[in-house]
Amino acid sequence: AQVQTIEAEKVKKAKNMAFAFDIDGVLVHGDRLIPEGKHPHIFLTNGSGKPEKARCEQLSKILKNPVNTEQFIQSHTPMSALAEYYSTVLVVGGEGYKCREVAEQYGFKDIVVPNDIVAWDPTIAPYRVFTEEERATSRPRDFSKVNIEAIMVFSDSRDYATDMQIIMDLLRSENGRLGTMAKDPIAQRIPIYFSQGDMLCPTEYWTPGTFRIGFEAMYRAVTGVDLERVVYGKPELATYKYADEVITSWMEHLHGEEKLPENVYMVGDNPASDIIGGNMYGWNTCLVRTGVFQGGDNDENNPANFGVFPNVLEAVKTALRKQL
Ligand code: G3P
Ligand code: MG
């Protein structure tokens, strides 16, 4: 009976905690599994560029554990809410037409990607080599008659020159019509959203996510003012709020009762995204050494409040020891 009581107590405590795992640099590095990473709960990644289902399938394979889309948030996932506000949008970034697919799944009605525009008027990207395959899969129309209502940068651009040109032209246009110039380009600017603001992406080659920073610098140089924009992803508050809701419904799915866990542990490798965001949101933060962070005892600017660990397994074990 005593053993049963102890077990029941443990179950009760376990219901009171949850983990939010960052992916790149914590569980995987590029397509490689970090060996200690087999502890799924909810996943909160600044990764992007593919539909949620495809990413969950890929992750399930790497982790050898099923990952449900209901426990998964990537940088542009919360942007699905914007489909209610905008009908015709320019979606930028990612490989091929995958971001068009993402936007379709989010419910955007009329999705334009840069290749559609290049296929309509190749002079917008004079140095661009447009392949036959790209031509065949693009959807050109007369964009001087289309009002693009907003720009969504879902993923890093694969062609900075073309994408920067198109975005710049659109931001200064009259009502998002290409080939026009607004009377007051600053005041009439259409909104622009970025799915995340990472400076460093821990892929196998540590590619910096410089598109937004580069574009902002160019916009300032051309217009003389700072670009007003909205950024999603970690460490933005909107993303942590969204994650909170996902944790609540995922816990309900697991335990059959709606209750927000009192102790959420964010395990991340990037102090400037995972840790600062988790700290601001009142979560316990665990910084691991398998990704971006390579420093000393703790990060100087954004120290993890629960501690620094060699890898995700050590972080999880320590959290479980404290909670259970
Ligand atoms: O910066 C984009 C991505 O590689 C970061 O992913 O999982 O570390 O948030 P994650
Ligand atoms: Mg990471």
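This report concerns the structure included in the present document. (Residues numbered from 1 in each chain as written. Chains lettered and ligands numbered in written order. Predicted model: local features only at pLDDT ≥ 70, side-chain atom pairs only at ≥ 80, totals over all residues. Heavy atoms only, no water.)

**Side note on the site of ligand 1**
Around ligand 1 sit 12 residues, and of these Asp 22, Asp 24, Thr 45, Asn 46 and Asp 198 come closest. At 2.6 Å from an oxygen atom of ligand 1 is found a side-chain nitrogen or oxygen belonging to Asp 22. Taking Asp 198, its side chain carries an N or O atom lying 2.7 Å from an oxygen atom of ligand 1. For the shell around ligand 1, the residue count by class is 3 nonpolar, 4 polar and 5 charged. (Near = heavy atom within 4 Å. Polar contact = N/O pair within 3.5 Å; in protein donor to acceptor, adjacent residues only side chain to side chain. Nonpolar A, V, L, I, M, F, W, Y, C, P; charged D, E, K, R; others polar.)

**Observations regarding the packing of aromatic side chains**
Per the counting criterion, the structure on display carries 14 aromatic pairs. Judged by centre distance (5.7 Å) and plane angle (75°), the rings of Trp 120 and Phe 143 are edge-to-face. Note that Trp 120 is positioned in helix 4 (residues 114–120) and Phe 143 in the loop between helix 5 (132–137) and strand 8 (150–153), a separation of 23 residues in sequence. Residue Trp 120 is classed as partly exposed on the basis of its relative accessible area, which comes to 27%. Residue Phe 143 is classed as buried on the basis of its relative accessible area, which comes to 1%. (Phe/Tyr/Trp six-rings, centres within 6.5 Å; stacked < 30°, edge-to-face > 60°. Helix = DSSP H or I, 4+ residues; strand = E, 2+ residues; numbered from the N terminus. Buried < 20%, exposed > 50% of the residue type's maximum accessible area, 1.4 Å probe, protein only.)

**Brief notes about the nonpolar core**
Within the largest apolar cluster, 29 residues are counted, with the highest numbers of intra-cluster contacts made by Leu 90, Ile 151, Ile 167 and Leu 171. At 6 residues, helix 6 (residues 160–171) tops the list of elements feeding residues into this core. Residues in contact with Ile 167, not counting those within four places in the same chain, are Leu 90, Val 92, Ile 151, Val 153, Ile 192, Phe 211 and Phe 215. In terms of nonpolar packing, the next biggest core, distinct from the first, is built from 24 residues, Phe 72, Val 267, Phe 309 and Val 312 among them. (Core = buried A, V, L, I, M, F, W, Y, C linked by side-chain atoms within 4.5 Å. Contact = heavy atoms within 4.5 Å.)

**Description of empty space enclosed by the protein**
A complete count under the given rule lists 1 cavity of 30 Å³ or more for this structure. Estimated volume of the largest cavity: approximately 40 Å³. Taken together, Lys 15, Met 251, His 255, Glu 257 and Lys 259 make up the lining of the largest cavity. Among the residues forming the lining of the largest cavity, the class breakdown is 1 nonpolar, 1 polar and 3 charged. (1 Å grid on protein atoms, 1.4 Å probe; cavity = no way out; pocket = protein on both sides within 12 Å on 5 of 7 lines; lining within 4 Å. Points joined across faces, edges and corners; volume = space filled by probe spheres on them.)

**Focus on the coordination of the magnesium ion (ligand 2)**
Geometry sets the ideal angles at a metal, namely 109.5 degrees for four tetrahedral donors and 90 or 180 degrees for six octahedral donors. At 2.0 to 2.1 Å from the magnesium ion (ligand 2) lie its protein donor atoms, namely Asp 22 (OD), Asp 24 (O) and Asp 269 (OD). Written as a sequence motif, the donor arrangement for the magnesium ion (ligand 2) is D-x1-D-x244-D. Highlighted residues: Asp 24 in the loop between strand 1 (17–21) and strand 2 (28–29) and Asp 269 in the loop between strand 11 (263–268) and helix 9 (271–281), separated in sequence by 245 residues. By relative accessible area, Asp 269 is classed as buried at 2%. (Donors = N, O, S within 2.8 Å, 3.2 Å for Na, K, Ca; no water.)

**Remarks on the environment of His 253**
Relative to the helices and strands, His 253 resides in helix 8 (residues 237–255). We classify His 253 as partly exposed; its relative accessible area is 47%. For the pair formed by His 253 and Glu 236, sequence separation is 17 residues and the distance between their alpha carbons is 26 Å.

**Some points on the sheet that holds strand 9 (residues 192–194)**
Spatially, 7-6-8-9-10 is the arrangement adopted by the 5 strands of the open sheet, whose pairing is parallel. The open sheet is flanked by strand 7 (110–112) and strand 10 (230–231), the only strands paired with a single partner. Two elements, strand 6 (residues 88–92) and strand 8, share 4 bridges in a ladder whose sense is parallel. Note that in strand 8 the partner of Val 91 across the bridge is Met 152. (Pairing = 2+ DSSP bridges.)

**Quick look at unusual backbone geometry**
With an omega of 5°, the peptide bond between Lys 234 and Pro 235 qualifies as cis. Residue position: Pro 235 is located in the loop between strand 10 and helix 8. A positive phi angle is found at Lys 64, which is not glycine, with a value near 55°. Following the sequence through the fold, Lys 64 ends up in the loop between helix 2 (52–63) and strand 5 (72–73).

**A few points about the pattern of salt bridges**
Across all of its chains, the model carries 16 salt bridges by this definition. Of the charged contacts, one joins Lys 53 and Glu 57 as a salt bridge, the two residues approaching to 3.3 Å between their closest N and O atoms. Taken together, the positions of Lys 53 and Glu 57, both in helix 2 and 4 residues apart, correspond to about one turn of that helix. (Salt bridge = Lys/Arg side-chain N within 4 Å of Asp/Glu carboxyl O.)

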